[in-house]
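# What the coordinates show
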Amino acid sequence: MVMSCGACSFCKKQNEQHCSSVIWTYNSIDLDGTCTYGGYSDLMVANEKFVVRIPENLPLEGAAPLLCAGITVYSPMSHFKMTEPGKHLGVVGLGGLGHMAVKFGKAFGLKVTVISTSPNKREEALKNLRADAFLISKDMDAIKGAAHSMDYIIDTVSAPHDLDRLMTLLAPDGRLVLVGVPPEPFEIKPFSLIAGRRSVSGSNIGGIQETQEMLDFCGQKNITSTIEKISVDYLNIAMDRLSKADVKYRFVVDLETIERA
């Protein structure tokens, strides 16, 4: 986002992302009546309240996705206090959002279990991202074995999946937070929530103050997004690869390739 009203109750509480007049980075109408183009802009004039500082030790290409994928998972972890060392975090889906949730979970000192439908992601989760455990969501024996073991779950998946099955993994007073956007409504049995006083919540990005807090934390812990930097002339190939989920975990366009061209 690049602007909000600054006067509503949400803005006054540093939650500009909930402002009804928020101006998004892409495809919003700016104050001067023009459309916002985000990273595709030739130039941009920004209000200082919506400018954040990137820690000097973080490479820009690895820090850029933190402003979207990073804050999307950091915000609910911070807001719902899913940061207590030793607690158990489940991360559903190992993509752009999921891999950041794993990195933050480990940095907070949590036990992290990756939950996926893809067995071929086991090595990536355990060896490269240092998750503590890996769970196949379709393996009912493994699901039963992990029942009531997790304090929190961050669900990053945007495809249809069984929410009731995930709820069985939560300990009493556990919370599942949705940050993925599946195309169809979820079905969930009320008893999945009533038993154990479990909760389901949703979360979007964070406010500017929280985004800066996240960036500072990333600077302290040397956390960046895992990316593949590409040139502008690779864009069409990158889009084709995206349609096949063939990226770990974000493509970042090197705009200097335009200037050199």
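Residues numbered from 1 in each chain as written. Predicted model: local features only at pLDDT ≥ 70, side-chain atom pairs only at ≥ 80, totals over all residues. Heavy atoms only, no water.

- Going by what an unreviewed UniProt entry lists, the chain is known as Alcohol dehydrogenase-like C-terminal domain-containing protein and is assigned to Ceratopteris richardii.
- As stated in UniProt under Cofactor (unreviewed entry), the record for the chain gives "Zn(2+)". (UniProt positions renumbered as here; feature names shortened; annotations may be inferred.)

## Examining the pattern of salt bridges
- This structure, assessed with the given rule, holds eleven salt bridges.
- In this structure, Glu 124 engages Lys 248 in a salt bridge whose closest nitrogen and oxygen atoms are separated by 3.6 Å. Of this pair, Glu 124 sits in helix α5 (residues 122–128) while Lys 248 sits in the loop between α10 (235–243) and β10 (250–253), placing them 124 residues apart in sequence.
- Looking at Glu 124, the relative accessible area reads 12%, which means it is buried.
- With a closest N to O distance of 3.0 Å, Arg 241 and Asp 246 form a salt bridge.
- Judged by relative accessible area, which is 15%, Arg 241 ranks as buried.
- The structure contains a network of salt bridges with shared partners spanning Glu 228, Arg 241 and Asp 246. (Salt bridge = Lys/Arg side-chain N within 4 Å of Asp/Glu carboxyl O. Helix = DSSP H or I, 4+ residues; strand = E, 2+ residues; numbered from the N terminus. Buried < 20%, exposed > 50% of the residue type's maximum accessible area, 1.4 Å probe, protein only.)

## A short note on the pairing of strand β4 (residues 111–116)
- Extensive coverage of β4 is indicated by the burial of five of its six residues.
- By the bridge criterion, five bridges tie strand β3 (residues 88–92) to β4 in an arrangement that is parallel. In the strand pairing of β4, Val 91 is matched with Val 114.
- A crossover links β3 with its parallel partner β4, the connecting element being helix α4 (residues 96–107), and its sense is right-handed.
- Taken together, the four bridges between β4 and strand β5 (residues 133–136) define a ladder with parallel strand orientation. (Pairing = 2+ DSSP bridges. Right-handed = clockwise from strand over helix to strand, strands pointing away.)

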